[in-house]
Amino acid sequence: MIVISSDLSHYHPQFRARDIDDETIARIVSCDPPISTERACGAYPVNGLLDVCAERDLPVRFLGCSTSGDDDEAAFSGTGGLSARRPPMNDPYQRVVGYAAFAVWEHDEKNAGSHLCAVANPDADRRDSDDEQSSDSAESSGAGHDAGRSMRDCGQLPAGAGPILLKLARVALMNHLGIDVSEPRRQDPDAGCEESSESAAPADIVVAHPWLGEPGASFVTLREGGELRGCIGTLEAYRPLGRDVAEHAVGAAVRDPRFMPVTADEYPLIDVEVSVLSKPTAMRVRSRKELEQALRPGRDGLIIDDGRGHRATFLPQVWDDLPEPHDFVAHLLHKAGLPAGAS
């Protein structure tokens, strides 16, 4: 047995430490290195473990988490080891140290296939971000289409989930920006109705729709005038879907390092897209040709990982711009820092 010991974040206010640690937990579970030493003091051995897990296709199981301000009360993983409900904060501004526990063990079944690992989602819908993967997507735009159809096809979410997810993301964003959601501001294309006091808090929406309390992974993408304005998400579920969507809506607006934070004045111009991810599935292919033949344009997202630190992801929306499998894979290889002509 090998034990790797590390704290997570150090001496942030409790409310901020939990956000930072949740993002780090998501990246560890998703085998998405590198983890910086600012997020985990033992980042070097942690990253070494994640490289091994990615190379050998070993899942990282999240067990639980806490901070030094939780009075020795740990939040243990829920059903399937995917989520944890943290206790209420005694003092949100207390500076704390974060902790989490994970476990890794070998599969009974030995790995097969080439060294280049391709992972796809067999039930996905559509848009590109900086760190994306296959998903079911609901997009808010002037026309405001609902991609709930593909969500139902994959059996993950109930009928009509699209508008609810979009409304949750918008309400979370409005609350963060200080916009009064109790006043109807405009016709909401996401939910087909005006934003009103019925959705004054994300928690109200979660309570009204119990399936949002189930573990889920999501990406939230913001666009302004058709251009990317922010995108944040996780590749594998580790907490309730409702919380994941609400926090990523805020994260996409203010924590995407590629952009300045979204302001309240910009909100009426912002289009919102929510992508819900199913668990990635390894593709047992031995060549690039087999990979391209196995992909389903417009439906599959793709993660490529060579096990040596080159990793990149496309959500299914990228098919809109790259409809040919060969071009789709070539651009993803380039994004991962690998030769676009690799076979």
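Since this is a predicted model, take the numbers as computed values, not measurements.

J.: Kindly report on the overall build of the protein, identifying the contributing residues and their values.
T.: In terms of regular secondary structure, the protein is built from eight helices and 14 strands. Accessible area of the protein: about 15900 Å², with a carbon and sulfur share of 52%.

J.: Now, about the pattern of salt bridges: what can you tell me, with residues and values included?
T.: One pass over the full model with this rule turns up 17 salt bridges. Residues Lys-279 and Glu-236 are paired through a salt bridge, measuring 3.1 Å at the closest nitrogen-oxygen approach. Taken together, the residues Lys-279 in the loop between strand E11 (270–277) and strand E12 (281–283) and Glu-236 in the loop between strand E10 (227–233) and helix H6 (241–254) connect sequence positions 43 residues apart. Judged by relative accessible area, Lys-279 falls into the exposed class, the value being 55%. Using a relative accessible area of 15% as the deciding quantity, one classes Glu-236 as buried. Of the charged contacts, one joins Glu-292 and Arg-288 as a salt bridge, the two residues approaching to 2.6 Å between their closest N and O atoms. Of the two residues, Glu-292 and Arg-288 are both situated in helix H7 (residues 288–294); the distance of four residues between them amounts to about one turn of the helix. Assigned by exposure class, Glu-292 and Arg-288 land together as buried. Taken together, the shared-partner salt bridges in this structure form one network comprising Asp-22, Arg-86, Arg-239, Arg-243, Asp-244 and Glu-247.

J.: Tell me about the packing of aromatic side chains, and name the residues and values.
T.: Per the stated rule, a full pass over the model turns up five aromatic pairs. Arranged with centres 5.3 Å apart and planes meeting at 70°, the rings of Phe-314 and Phe-328 form a pair that is edge-to-face. Note that Phe-314 is positioned in strand E14 (residues 311–314) and Phe-328 in helix H8 (residues 325–335), a separation of 14 residues in sequence. Among the residues examined, Phe-314 registers a relative accessible area of 6% and is labelled buried. One aromatic cluster is present, built from ring pairs that chain together Phe-62, Phe-102 and Tyr-238.

J.: Help me get a handle on the sheet that holds strand E4 (residues 95–103), residues and values and all.
T.: Strand order across the open sheet formed by four strands is E1-E4-E2-E3, with antiparallel pairing between neighbours. Of all the strands in the sheet, the pair left with one neighbour each is strand E1 (10–13) and strand E3 (75–76). The pairing of strand E2 (residues 61–67) with E3 spans two bridges and is antiparallel. Paired with Cys-65 across the bridge in E3 is Ala-75.

J.: Lay out the packing of helix H4 (residues 161–177) against H6 with the relevant residues and their values.
T.: Where H4 contacts H6, the two axes come as close as 8 Å, and the packing angle between them is 50°. Judged on the interaxial angle alone, H6 and H4 are oblique. Where H4 crosses over H6, the two elements pack in a sense that is right-handed. Together, Leu-165, Leu-168, Ala-169, Ala-172, Leu-173 and His-176 of H4 and Leu-241, Gly-242, Val-245, Ala-246, Ala-249, Val-250, Ala-253 and Val-254 of H6 make up the contact between the two elements. Partitioning the contact of H4 with H6 into residue classes produces 12 nonpolar, two polar and no charged.

J.: Go over the side chain of Thr-24 with me, naming the residues and quoting the values.
T.: Within the element layout of this structure, Thr-24 appears in helix H1 (residues 14–29). For Thr-24, a relative accessible area of 0% translates into the label buried. Residues contacting Thr-24, with those up to four places away along its chain left out, are Leu-8, Ile-35 and Arg-39.

J.: An account of the environment of Arg-299 is requested, with residue identities and associated values reported.
T.: With respect to the helices and strands, the residue Arg-299 is situated in the loop between H7 and strand E13 (302–305). Given the relative accessible area of 32%, Arg-299 is considered partly exposed. Here the alpha-carbon distance between Arg-299 and Gln-317, two residues 18 residues apart in the chain, equals 8.3 Å.

J.: Explain the nonpolar core to me, and be specific about the residues and the numbers.
T.: Ranked by size, the top nonpolar core spans 33 residues in total, and within it Leu-165, Leu-222 and Val-274 carry the most contacts. Contributing elements (two or more residues each) for this core: H4, strand E9 (217–224), H6 and E11. Sorting elements by how many residues they give to this core places H4 first, with 11 residues.

J.: Explain the environment of Arg-255 to me, using residue names and the numbers behind them.
T.: You can see Arg-255 is positioned in the loop between H6 and E11. The partly exposed category is assigned to Arg-255, whose relative accessible area is 28%. With 24 residues separating them in the primary sequence, Arg-255 and Cys-231 have C-alpha atoms 8.8 Å apart. Setting aside chain neighbours within four positions, we find Arg-255 in contact with Arg-16, Asp-19, Glu-23, Ile-232, Glu-247 and Val-250. Within polar-contact distance, the side chain of Arg-255 engages the side chain of Asp-19 at 3.2 Å.

J.: Now, about the pairing of E2: what can you tell me, with residues and values included?
T.: Within E2, five of the seven residues are buried, leaving the element largely enclosed by the surrounding structure. In the sheet, E2 pairs with E4 via six bridges, with the strands oriented antiparallel. Residue pairing for E4: Cys-65 is matched across the bridge by Ala-100.

J.: Give a description of the side chain of Arg-229 that names residues and reports values.
T.: With respect to the helices and strands, Arg-229 occurs in strand E10. Apart from the residues lying within four places of it in its own chain, the contact partners of Arg-229 are Leu-222, Arg-223, Glu-224, Ala-252, Phe-259, Met-260, Pro-261, Val-262, Glu-266 and Ile-270.

Here is what the cut-offs are and how they apply
Residues numbered from 1 in each chain as written. Predicted model: local features only at pLDDT ≥ 70, side-chain atom pairs only at ≥ 80, totals over all residues. Heavy atoms only, no water. Helix = DSSP H or I, 4+ residues; strand = E, 2+ residues; numbered from the N terminus. Areas by Shrake-Rupley, 256 points an atom, 1.4 Å probe, with all protein chains shown as cover. Salt bridge = Lys/Arg side-chain N within 4 Å of Asp/Glu carboxyl O. Buried < 20%, exposed > 50% of the residue type's maximum accessible area, 1.4 Å probe, protein only. Phe/Tyr/Trp six-rings, centres within 6.5 Å; stacked < 30°, edge-to-face > 60°. Pairing = 2+ DSSP bridges. Axes fitted to C-alpha atoms, helices over the stretch in contact; angles between N-to-C directions. Parallel < 35°, antiparallel > 145°, perpendicular 65-115°, else oblique. Left-handed = near helix turned anticlockwise from the far one by under 90°. Contact = heavy atoms within 4.5 Å. Nonpolar A, V, L, I, M, F, W, Y, C, P; charged D, E, K, R; others polar. Core = buried A, V, L, I, M, F, W, Y, C linked by side-chain atoms within 4.5 Å. Polar contact = N/O pair within 3.5 Å; in protein donor to acceptor, adjacent residues only side chain to side chain.

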